[in-house]
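# What the coordinates show
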Amino acid sequence: QVQLVESGGGLVQPGGALRFSCAASGIIFSIYAMGWYRQAPGKQRELVATITNGGTTNYTDSVKGRFTITRNTAKNTVYLQMNSLKPEDTAVYYCNAGRIVAGVYKKLDLWGQGTLVTVSS
């Protein structure tokens, strides 16, 4: 079936690191752009990072220099490496499949299940 399955969440100390994985099935992974969203308590969902099928990346300002999105086409998997984590990064993170339209990431209604990251002492 068509699905995105996430793994890699958890509790981490400020300044620590985590890596998320999102494995796709039931789609031709290589033709999709992929993105990571997050939603903190009381906040709206925001787009954190994107990667095109050609490997071009984009990040929201708050994570630039700390987060890195990559993809492995052979494994149908997209990753988010999160370094120097801050309490403000605490959120549920969602993998998303999308497409690039006029240079802009447009989400499709294909989501991972959501994975909680808690950054706390």
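Note: the structure precedes this text.
Everything quoted here is computed from the prediction, not taken from an experiment. (Residues numbered from 1 in each chain as written. Predicted model: local features only at pLDDT ≥ 70, side-chain atom pairs only at ≥ 80, totals over all residues. Heavy atoms only, no water.)

Within the protein, the secondary structure is distributed over zero helices and eleven strands. Reading the protein from its N terminus to its C terminus gives the helix and strand order β-β-β-β-β-β-β-β-β-β-β. The C-alpha radius of gyration of the protein comes to 14 Å, within 12% of the 14 Å expected for a compact globule of 121 residues. By its C-alpha atoms, the protein is 40 × 30 × 25 Å across when sized along the principal axes. Put simply, of all contacts in the protein between residues at least 6 apart along the chain, 56% involve residues at least 24 apart. For the protein, the computed accessible surface area is about 6300 Å², with 49% contributed by carbon and sulfur atoms. Averaging the coordinates of the 12 positive side-chain charges in the protein and doing the same for the 6 negative ones gives two points 5 Å apart. (Helix = DSSP H or I, 4+ residues; strand = E, 2+ residues; numbered from the N terminus. Rg over C-alpha atoms; globule rule 2.2 N^0.38 Å. Contact = heavy atoms within 4.5 Å. Areas by Shrake-Rupley, 256 points an atom, 1.4 Å probe, with all protein chains shown as cover. Lys, Arg positive; Asp, Glu negative; His and termini not counted. Charge placed at Lys NZ, Arg CZ, Asp CG, Glu CD.)

Remember that side chains alternate between the two faces of the sheet whenever the strand is regular. Where strand β9 (residues 91-101) meets strand β10 (residues 104-111), five bridges bridge the pair, whose relative direction is antiparallel. Each bridged residue has a counterpart across the sheet, and for Gly98 the counterpart in β10 is Lys107. Two successive antiparallel strands, β9 and β10, enclose a turn made up of two residues, where Ala102 displays a positive phi of approximately 50°. (Pairing = 2+ DSSP bridges.)

Pairing in this open sheet of four strands is antiparallel, and the strands run β1-β3-β8-β7 from one edge to the other. Here the strands that pair on one side only, and so sit at the sheet edges, are β1 (3-7) and β7 (67-72). Between one strand axis and the next, the sheet turns through 15° on average, direction left out of account. Both β7 and strand β8 (residues 77-82) contribute to a ladder of six bridges, which runs antiparallel. Looking at β8, one finds that Arg71 is bridged to Val78. (Axes fitted to C-alpha atoms, helices over the stretch in contact; angles between N-to-C directions.)

Under the counting rule described, the total for this entry stands at four salt bridges. Between Asp89 and Arg38 there is a salt bridge whose closest N-O contact spans 2.9 Å. Taken together, the residues Asp89 in the loop between β8 and β9 and Arg38 in strand β4 (residues 33-39) connect sequence positions 51 residues apart. Across the pair, exposure class does not vary: Asp89 and Arg38 are buried alike. Here Arg66 ties to Asp89 by a salt bridge, and the two come within 2.7 Å at their closest N and O atoms. Placement of the pair is Arg66 in the loop between β6 (57-59) and β7 and Asp89 in the loop between β8 and β9, with a sequence separation of 23 residues. Asp89 matches Arg66 in its accessibility class, with the two residues each being buried. Linked by salt bridges that have partners in common, Arg38, Glu46, Arg66 and Asp89 make up one network. (Salt bridge = Lys/Arg side-chain N within 4 Å of Asp/Glu carboxyl O. Buried < 20%, exposed > 50% of the residue type's maximum accessible area, 1.4 Å probe, protein only.)

Honestly, it's all geometry; don't read function into it.
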